[in-house]
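Chains, contacts and geometry: an overview
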Amino acid sequence: MSDTSYFHSVYQTTIAGKISCSGVGLHSGKTVNMKLYPAEADTGVQFIRLDVEEDKSVVSAHYLNVTGTMLGTTIANEHGVSISTIEHLMAALWGMGVDNVIVALDGTEVPIMDGSSEPFVFLIECAGVKKLEAHRDIIEVIKPITVKEGNSSASISPFDGFTLRITIDYPDTAIPRQQALYDFGSQSFKNALCRARTFGFASDVEKLQAQGLARGGSLDNAIVISDQKVLNEGGLRYNDEFVRHKALDCVGDFFLSGLRIRGSVVTSRPGHGINNKLLRSFFADKKAWRLTSSVHVQQDTAFVPAFQVA
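Source: prediction; values computed, not measured.

As a further point, take the packing of helix α1 (residues 87–95) against helix α5 (residues 241–254). It is the contact of α1 with α5, at a shortest axis distance of 7 Å, that shows an interaxial angle of 80°. Between α1 and α5, the angle is such that the two are roughly perpendicular. Contacts between α1 and α5 involve Glu 87, His 88, Met 90, Ala 91 and Trp 94 from the former and His 245, Leu 248, Asp 249, Val 251, Gly 252 and Asp 253 from the latter. For the contact of α1 with α5, the per-class residue count stands at five nonpolar, three polar and three charged.

Structure below.
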């Protein structure tokens, strides 16, 4: 099964069956059990906290529900119930073409697994992807929007497909300046990005843990850098794994739009904060976008279906 085409189905999809996994929470350090369930058309991605009252448990994966962007993306509902570190799962759902799913957890965050999206891609492949009898809408960019935040910038502009051009720069570290361009009309999320792991610096660990963060972080679920060296025994999975992971994060954060985007994103020194800022600014300008049926998109483009859904 391949996921090489961005607009691979004119129909909405869900997973074909339920699937589950367990893992540690990156920040809490506690074991989290997670189950994915099929969902009806137009459900989107809905998180359910099993450890809170049922009438307060649902948190929709939506950019307006983002309440925190420090070392991960956190969403919350009107009751203050939150789910954190959602971006790697969101990226996997986006990359595997899943539009609708229920995600049930018994903790406050999505398990970090190995720090990439690969375990979640594997789960989705095991569950299968199912076509639903409802057409998929696409968000079409019709006007450029640019945002800045400190040394970071991000812009979105019209394009016949979806591309992501990304630059990272960490001066005086073991991470070199890296640039990449991903065209998801011809490139596969699974092959290009899903195995890229999150990363951090050993010098920051003590400070972060004092703030109640990164308590579950380890060499098993992150690339750790110290004294200009990568500490992980196996080294890097890609020579440019750092920029690939930042691209993975962007993909997951942008799927909080709720739909697939037809446009081009260019970002320098990205982070969860500016990713969310771009979405908020973009959707706030009603002249910057419109909804387009995926039926029309496939008629107007040369994209080939990425994989067949049951």
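What the three strands build is an open sheet, ordered β16-β17-β18; its pairing is mixed. The open sheet has two free edges, formed respectively by β16 (199–201) and β18 (229–230), since each of these has just one partner strand. One ladder, built from two bridges, connects strand β17 (residues 223–226) with β18; its direction is antiparallel. The residue of β18 that forms the bridge with Ile 225 is Val 230.

The buried fraction of strand β14 (residues 162–168) amounts to six of the seven residues, a majority that puts the element mostly inside the structure. Here β14 pairs with strand β19 (residues 260–268) via six bridges, running parallel. From the neighbouring strand, Arg 165 faces β19, where its bridge partner is Val 266. With six bridges joining them, β14 and strand β15 (residues 178–183) adopt antiparallel strand pairing.

Spanning 14 residues, α5 covers 20 Å between terminal C-alpha atoms, matching the ideal 20 Å at 1.5 Å per step. Most of α5 sits out of view: 14 of its 14 residues are buried.

Within this structure, the stated rule accounts for 14 salt bridges. With a shortest N-O distance of 2.7 Å, Asp 51 and Arg 49 are connected by a salt bridge. Judged by its relative accessible area of 39%, Asp 51 falls in the partly exposed class. Among the ionic pairs, Arg 195 bridges to Glu 118, the shortest N-O distance being 3.3 Å. One end of the pair, Arg 195, is in the loop between α3 (189–192) and β16; the other, Glu 118, is in helix α2 (residues 118–127), and 77 residues separate them in sequence. Several salt bridges share partner residues, and in doing so they unite Glu 140, Asp 160, Arg 262 and Arg 290 into one network.

In this structure, Phe 47 and Phe 189 are the most contacted members of the largest nonpolar core, which totals 73 residues. Broken down by element, the residue count for this core peaks at seven residues, all from α5.

Across the nine residues that make up α1, a large majority, nine, are buried. Every buried residue belonging to α1 is among Glu 87, His 88, Leu 89, Met 90, Ala 91, Ala 92, Leu 93, Trp 94 and Gly 95, and all of these are buried.

Now for the sheet that holds strand β7 (residues 74–76). Reading across the sheet, the three strands line up as β6-β7-β8 and stay open at both edges, with antiparallel pairing between neighbours. The open sheet has two free edges, formed respectively by β6 (66–68) and β8 (82–83), since each of these has just one partner strand. Relative to β8, β7 runs antiparallel, the two being bridged by two bridges. By the bridge assignment for β8, Ala 76 is matched with Ser 82.

Among all residues except glycine, the phi angle is most often negative; among peptide bonds, the trans geometry is most common. Positive phi, close to 70°, is recorded for Gln 228, a residue that is not glycine. Within the chain, Arg 269 stands out as a residue other than glycine whose phi angle is a positive 50°.

The subject of this paragraph is the packing of α1 against α2. Think of two packed helices as two axes; the pair is described by the angle between the axes and how far apart they sit. The interhelical angle for the contact between α1 and α2, taken along N-to-C directions, is 45°, at an axis separation of 8 Å. Of the possible angle classes, the one that applies to α1 and α2 is oblique. Seen from above, α1 lies across α2 with right-handed handedness. Here His 88, Leu 89, Ala 92 and Leu 93 of α1 lie close against α2, whose contacting residues are Phe 120, Val 121 and Ile 124. For the contact of α1 with α2, the residue count by class is six nonpolar, one polar and no charged.

A separate point is the packing of aromatic side chains. Applying the stated criterion to the full structure yields eleven aromatic pairs. Consider the rings of Tyr 182 and Phe 184, whose centres lie 6.3 Å apart with planes at 25°: the pair is stacked. Accessibility assignment for this pair places Tyr 182 and Phe 184 in one class, buried. Ring pairs connect the aromatic residues Trp 94, Phe 162, Tyr 182, Phe 184 and Phe 189, which therefore count as one cluster. When the ring centre of Tyr 11 is taken as origin, the NZ or CZ atom of Lys 131, which lies over that ring, is 4.8 Å away.

Criteria and cut-off values
Counting starts from 1 at the beginning of each chain's written sequence and moves along it residue by residue. Under the rules for a predicted model, residues below a pLDDT of 70 receive no local features and side-chain atom pairs below 80 are neither given nor counted, while totals for whole chains, interfaces and linings still include all residues. Water and hydrogen atoms play no part in the side-chain values, which are based on all heavy atoms of the structure. Orientation is described by axes fitted as lines to C-alpha atoms, over the contacting stretch for helices, and by angles from 0 to 180 degrees between their N-to-C directions. Secondary structure counts use DSSP, requiring at least four H or I residues in a row for a helix and at least two E residues in a row for a strand, with both numbered from the N terminus. Put simply, angles under 35 degrees are roughly parallel, angles over 145 are roughly antiparallel, angles from 65 to 115 are roughly perpendicular, and the rest are oblique. Whether two residues are in contact is decided by their heavy atoms, any of which lying within 4.5 Å being enough. Residues are sorted three ways: Asp, Glu, Lys and Arg are charged, Ala, Val, Leu, Ile, Met, Phe, Trp, Tyr, Cys and Pro are nonpolar, and all the rest, Gly among them, are polar. What makes two strands pair is DSSP finding at least two bridges between them. Burial classes follow relative accessibility: with a 1.4 Å probe on protein chains only, a residue under 20% of its type's maximum area counts as buried, one over 50% as exposed, and anything between as partly exposed. Helix span, as expected, comes to 1.5 Å for every residue beyond the first. By definition, a salt bridge exists where a carboxyl oxygen of Asp or Glu is found within 4 Å of a side-chain nitrogen of Lys or Arg. Here the nonpolar core consists of buried residues drawn from Ala, Val, Leu, Ile, Met, Phe, Trp, Tyr and Cys, with membership extended through side-chain atoms lying within 4.5 Å. Handedness of each helix crossing follows the sense of rotation of the near helix against the far helix: counterclockwise by less than a right angle gives left-handed, clockwise gives right-handed. Classification of ring pairs uses Phe, Tyr and Trp, with its six-membered ring standing for Trp, and accepts pairs whose centres are within 6.5 Å; under 30 degrees between planes counts as stacked, over 60 as edge-to-face, and the remaining range as tilted. Throughout this description, the term charge over a ring refers to an Arg CZ or Lys NZ atom that lies within 6 Å of the ring centre and within 35 degrees of the ring normal.

Geometric values such as these leave the question of function open.
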